[in-house]
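So the chains spell out like this:
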Amino acid sequence: MAESELSPKFAPFIGMGGIAAAMIFGSIGAAYGTAKAGIGIAGVATFRPDLIMKCLIPVVMSGIIAVYALVVSVLIAQDLAPPSSGTNYSLFNGFMHLACGLSVGLTGLAAGYCIGIVGDKGVRAYMLQSRIFVGMVLILIFGEVLGLYGLIVALILNTKSKG
Amino acid sequence: MATRRIISQEKSLLEKDDRIGSSPAAGEKSNIAPAVPTAVIMKLLAFTFAMIVVPIGSYFATVHTLFKGNSTYAGALAAIMANMVLIGYIVVAMNEDQSEQEAVKDTKKGR
């Protein structure tokens, strides 16, 4: 790979940063959501063990945040190749992959934070008033969609590498 | 008038075997059945397995076959499959609640 002004040596470093950002921030969000919703389940299940199945919904949604980060990481990783293979990794691709990773990672962090708090307070309220279930699931879905928007932006950005 | 000793048929407090918490009285078998029914555990395990395998598996299964290397569509499919697992979980959780309510109604009718 010949070093040029458009594909400098440090371009893969920035792309790798995108992969790391996607996985790290997405997992921070998913971990916060799982932990906070898990605290809520532990509080509810001591009084109403029959509600555990429904109260696990925020935990499953937090898992989906991590799946989004995983998908984008795999997508970016497939575009990377070692310089010895003769591929030309441009600086544009590096910054684009950084944008992909940051968008899905930080929206995942936001969505996981939202799901964690709504999951904790929502299942505690559901223990006392069963009609709140539909509202809780809707709020959780709107929180989840924040992470999905980040994934959509990352997927669209990722198509630009084969221009 | 003959006096009769009062013979109590009941066991005295010291003779009784009493249950302490979940530990059974002597001579009774202890209840070792799991608190959560096996069907629920199997459902949770199945959804855990599906959550791990289905999205990333569908990506790698379709990226070179169905979408011919277009990884964007395969990535979108992986995200859709993850949400399908979530929808399936919500449906199963709702049915779980309804079947429990019906079971409670049946026991009330039986009495």
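Residues numbered from 1 in each chain as written. Chains lettered and ligands numbered in written order. Predicted model: local features only at pLDDT ≥ 70, side-chain atom pairs only at ≥ 80, totals over all residues. Heavy atoms only, no water.

Under an unreviewed UniProt entry, chain B has the name Vacuolar ATPase assembly integral membrane protein VMA21 and belongs to Cercophora newfieldiana. UniProt lists a comment for chain B under the heading Sequence similarities (unreviewed entry), and it reads "Belongs to the VMA21 family." In the Function (unreviewed entry) part of its UniProt record, chain B is described as follows: "Required for the assembly of the V0 complex of the vacuolar ATPase (V-ATPase) in the endoplasmic reticulum." (UniProt positions renumbered as here; feature names shortened; annotations may be inferred.)

Per an unreviewed UniProt entry, chain A goes by V-type proton ATPase proteolipid subunit and derives from Cercophora newfieldiana. The annotation that UniProt attaches to chain A under Subunit (unreviewed entry) is "V-ATPase is a heteromultimeric enzyme composed of a peripheral catalytic V1 complex (components A to H) attached to an integral membrane V0 proton pore complex (components: a, c, c', c'', d, e, f and VOA1). The decameric c-ring forms the proton-conducting pore, and is composed of eight proteolipid subunits c, one subunit c' and one subunit c''." Check the Sequence similarities (unreviewed entry) section of the UniProt entry for chain A; it says "Belongs to the V-ATPase proteolipid subunit family."

1. Structural notes on the overall build of chain A
When its secondary structure is counted, chain A shows 5 helices and 0 strands. Along the chain direction, N to C, the helices and strands of chain A fall in the order α-α-α-α-α. C-alpha extents for chain A along the principal axes are approximately 65 × 25 × 15 Å. Within chain A, contacts between residues separated by at least 24 positions form 86% of all contacts whose residues are at least 6 apart in sequence. Accessible surface, chain A as shown: approximately 7,600 Å² in total, 74% of it carbon and sulfur. Taking the average place of the 9 positive charges on the side chains of chain A and the average place of its 6 negative ones, the gap between the two points comes to 14 Å. (Helix = DSSP H or I, 4+ residues; strand = E, 2+ residues; numbered from the N terminus. Contact = heavy atoms within 4.5 Å. Areas by Shrake-Rupley, 256 points an atom, 1.4 Å probe, with all protein chains shown as cover. Lys, Arg positive; Asp, Glu negative; His and termini not counted. Charge placed at Lys NZ, Arg CZ, Asp CG, Glu CD.)

2. Some thoughts on the UniProt feature "domain: V-ATPase proteolipid subunit C-like" (unreviewed entry) in chain A
All names here are of chain A. Taking the numbering used here, the UniProt-annotated feature "domain: V-ATPase proteolipid subunit C-like" (unreviewed entry) corresponds to residues 18-76 and 98-157. A helix fraction of 88% and a strand fraction of 0% characterise residues 18-76, whose end C-alpha atoms lie 8 Å from each other. In the segment residues 98-157, helix accounts for 95% and strand for 0%; the C-alpha atoms at its two ends are 10 Å apart.

3. Some remarks on the UniProt feature "transmembrane region" (unreviewed entry) in chain A
Residues and elements named next belong to chain A. The positions UniProt marks with the feature "transmembrane region" (unreviewed entry) are residues 12-34, 55-76, 96-120 and 132-157. Each end of residues 12-34 is marked by a C-alpha atom, and these two atoms are 33 Å apart; helix forms 100% of the span and strand 0%. Annotated as residues 132-157, this span is 100% helix and 0% strand, and its ends, taken at the C-alpha atoms, are 38 Å apart.

4. Observations regarding the pattern of salt bridges
Residues and elements named next belong to chain A. Counted by the stated rule, this structure contains 3 salt bridges over all chains. Across the pair D120 and K36 runs a salt bridge, and its minimum N-O distance is 3.5 Å. Remark: K36 occurs in helix α1 (residues 11-45) and D120 occurs in helix α4 (residues 91-128); sequence separation between them is 84 residues. Judged by its relative accessible area of 4%, D120 is buried. Taking relative accessible area as the criterion, K36 reaches 24% and is therefore assigned partly exposed. Between D50 and R48 there is a salt bridge, with its nearest N and O atoms 3.4 Å apart. Judged by its relative accessible area of 33%, R48 is partly exposed. Taken together, the shared-partner salt bridges connect K36, D120 and R124 into one network. (Salt bridge = Lys/Arg side-chain N within 4 Å of Asp/Glu carboxyl O. Buried < 20%, exposed > 50% of the residue type's maximum accessible area, 1.4 Å probe, protein only.)

5. Here we look at the interface of chain B and chain A
Contacts between the two partners involve 25 residues from chain B, matched on the other side by 25 residues from chain A. Contact with chain A buries area across many residues of chain B, yet B:T72, B:L86 and B:Y89 alone supply 24% of it, more than any other trio. Counting every contact that joins chain B to chain A gives 0 salt bridges. Those elements that provide at least two residues to the side of chain B that touches chain A are α1 (38-62) and α2 (71-110) of chain B. Top element by residues in the side of chain B that touches chain A is α2(B). It accounts for 17 residues. Each residue belonging to the side of chain B that touches chain A can be placed in one class, and the counts come to 17 nonpolar, 4 polar and 4 charged. (Buried area = accessible area lost by both parts, 1.4 Å probe. Nonpolar A, V, L, I, M, F, W, Y, C, P; charged D, E, K, R; others polar.)

6. Examining the nonpolar core
One finds A:I57, A:V72, A:L151 and B:Y89 to be the most contacted residues of the largest nonpolar core, which totals 54 residues. The set of elements that each furnish at least two residues to this core consists of α1, α2 (52-55), α3 (57-79), α4 and α5 (132-158) of chain A together with α1 and α2 of chain B. A total of 12 residues in this core trace back to one element, the largest contributor, which is α3(A). Here B:Y89 is in contact with A:M53, A:L56, A:I57, A:V60, B:L44 and B:F47, once residues within four sequence places are set aside. (Core = buried A, V, L, I, M, F, W, Y, C linked by side-chain atoms within 4.5 Å.)

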